[in-house]
Amino acid sequence: VFLYIQPAQVEFPAQLDSMVQETHSVCDLFVHKLLSPEFAEQIGRLQQLMFKMFSRHEKLVKYVTPDGFRALLAIAGRNQQGIGSSSLSHYVRNLNHLEIDETEKSRVDEVIDVLYQQLEEVSGEFLDVEGVGLYRFQSLCNHSCEPNVEVTFPHGNSTVVLVARQGIAPGDEICITYLGECMQSRSRHSRQKFLRENYLFLCQCSLCVRQSGDPDVTSEDDDDEEEEEEEDEEDMDQQ
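As a convention, each chain's residues are numbered from 1 in the sequence order in which they are written. Note on the predicted model: pLDDT of at least 70 is required for a residue's local features to be given, and 80 or more for side-chain atom pairs to be given and counted; whole-chain, interface and lining totals, by contrast, use all residues. The side-chain values count all of the structure's non-hydrogen atoms but skip hydrogen atoms and water molecules.

Caption draft 1: Up close: the packing of aromatic side chains. Pairs were defined over the aromatic rings of Phe, Tyr and Trp, the Trp ring being its six-membered one, requiring ring centres within 6.5 Å. Orientation was assigned from the angle between planes: stacked under 30 degrees, edge-to-face over 60, tilted for the rest. Summed over the entire model, instances satisfying the criterion amount to three aromatic pairs. By way of ring pairs, the aromatic residues Tyr178, Phe194, Tyr199 and Phe201 are connected into one cluster.

Caption draft 2: Quick peek at the environment of Gly68. Tracing the backbone shows Gly68 in helix H4 (residues 66-79). Sequence spacing of Gly68 and Gln47 is 21 residues, and the spatial spacing of their C-alpha atoms is 9.4 Å. Once you skip the residues sitting within four places of it in the chain, Gly68 turns out to touch Lys62 and Tyr63. Numbering of helices and strands starts at the N terminus; helices are DSSP runs of H or I of at least 4 residues and strands are runs of E of at least 2. Should any heavy atoms of two residues lie within 4.5 Å, those residues are considered in contact.

Caption draft 3: View of H4. Here a helix's expected span is defined as the number of its residues, less one, multiplied by 1.5 Å. Compared with an ideal rise of 1.5 Å per residue, which puts 14 residues at 20 Å, H4 spans 20 Å between its outermost C-alpha atoms and is within 8% of the ideal. The buried fraction of H4 amounts to ten of the 14 residues, a majority that puts the element mostly inside the structure. Residues of H4 that are buried include every one of Gly68, Phe69, Ala71, Leu72, Leu73, Ala74, Ile75, Ala76, Gly77 and Asn79, and no others. The definition of a polar contact used here is a pair of N or O atoms within 3.5 Å, where within protein one atom must be able to donate a hydrogen and the other to accept one, and adjacent residues in sequence count solely through side-chain atom pairs. A distance of 3.1 Å separates the backbone nitrogen of Gly68 from a side-chain oxygen at the start of H4, and that oxygen is part of Thr65. Relative accessibility decides the category of a residue: with a 1.4 Å probe and only protein chains considered, values under 20% of the type maximum give buried, values over 50% give exposed, and everything between is partly exposed.

Caption draft 4: Expanded view of empty space enclosed by the protein. Here a cavity is any set of points on a 1 Å grid over the protein atoms alone where a 1.4 Å probe fits but cannot get out, and a pocket is any open set with protein on both sides within 12 Å along at least 5 of 7 lines; a residue lines the site when it has an atom within 4 Å of a point. Grid points are joined across faces, edges and corners, and a volume is the space filled by probe spheres set on the points. Throughout the structure, instances matching the rule amount to one cavity of 30 Å³ or more. Every residue lining the largest cavity is listed: Leu95, Asn96, Leu98, Ile100, Lys105, Val108 and Asp109. Mapped onto the lining of the largest cavity, the elements with two or more residues apiece are helix H5 (87-96) and helix H6 (102-123). Ranked by the residues each element gives to the lining of the largest cavity, the list is headed by H6, at three residues. Residue polarity is assigned by list, with Asp, Glu, Lys and Arg as charged and Ala, Val, Leu, Ile, Met, Phe, Trp, Tyr, Cys and Pro as nonpolar; anything else, Gly included, falls into the polar class. Taken together, the residues of the lining of the largest cavity sort by class into four nonpolar, one polar and two charged.

Caption draft 5: Quick look at the side chain of Gln81. One can find Gln81 in strand E2 (residues 81-82). Using a relative accessible area of 15% as the deciding quantity, one classes Gln81 as buried. For Gln81, the residues in contact, after removing those within four places along its chain, are Gly131, Val132, Gly133, Tyr135, Gln138, Val151 and Phe153.

Here is the structure:
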């Protein structure tokens, strides 16, 4: 997994400074969520490599010192965007554009579902993600559980494009979602639990407000995942 940062222009280091100040109070929490302690060696190695790359850049060198790099990881934890430019996602997108009848389309969808299920056993939830990036303008967009734009990578590279999902009137806030497709369909309680644990905020988007009267119960998918985790822990203990 790589970290892509847009080329530093004159004002970009100043924006990083501002982001560091906002992130400083929760830096350790985000670093902990971003990478577990067992990856300390890899973090140190990556920091050293980045220091070699940017040590002569007077405006960026402070971000590749040990302390500065932790702040950079914290910024990534709050603002990173997964770069969905995998060849598999483009292959599936091309299949979806084929002019075939509904019967054949159903067969293709079944094959794709099986393919994703098998690959997910190895790659996990980052199947279509080849890295993460920090984007100056995309990172300004707040989260909503019912976003009005979709983050896309139509060019097969790290260029991000925000595509409107509905009509957006002048003055309306542009919102993306921090949730994956499956998580978006889960209960308000499950979504807020995920956002609170991974992004350290309580979501008060329009959908969460409308569902404020719903029971505070987890989705069945969450219960299934918790049971699987408990079973895995029991298996490890027995080993």
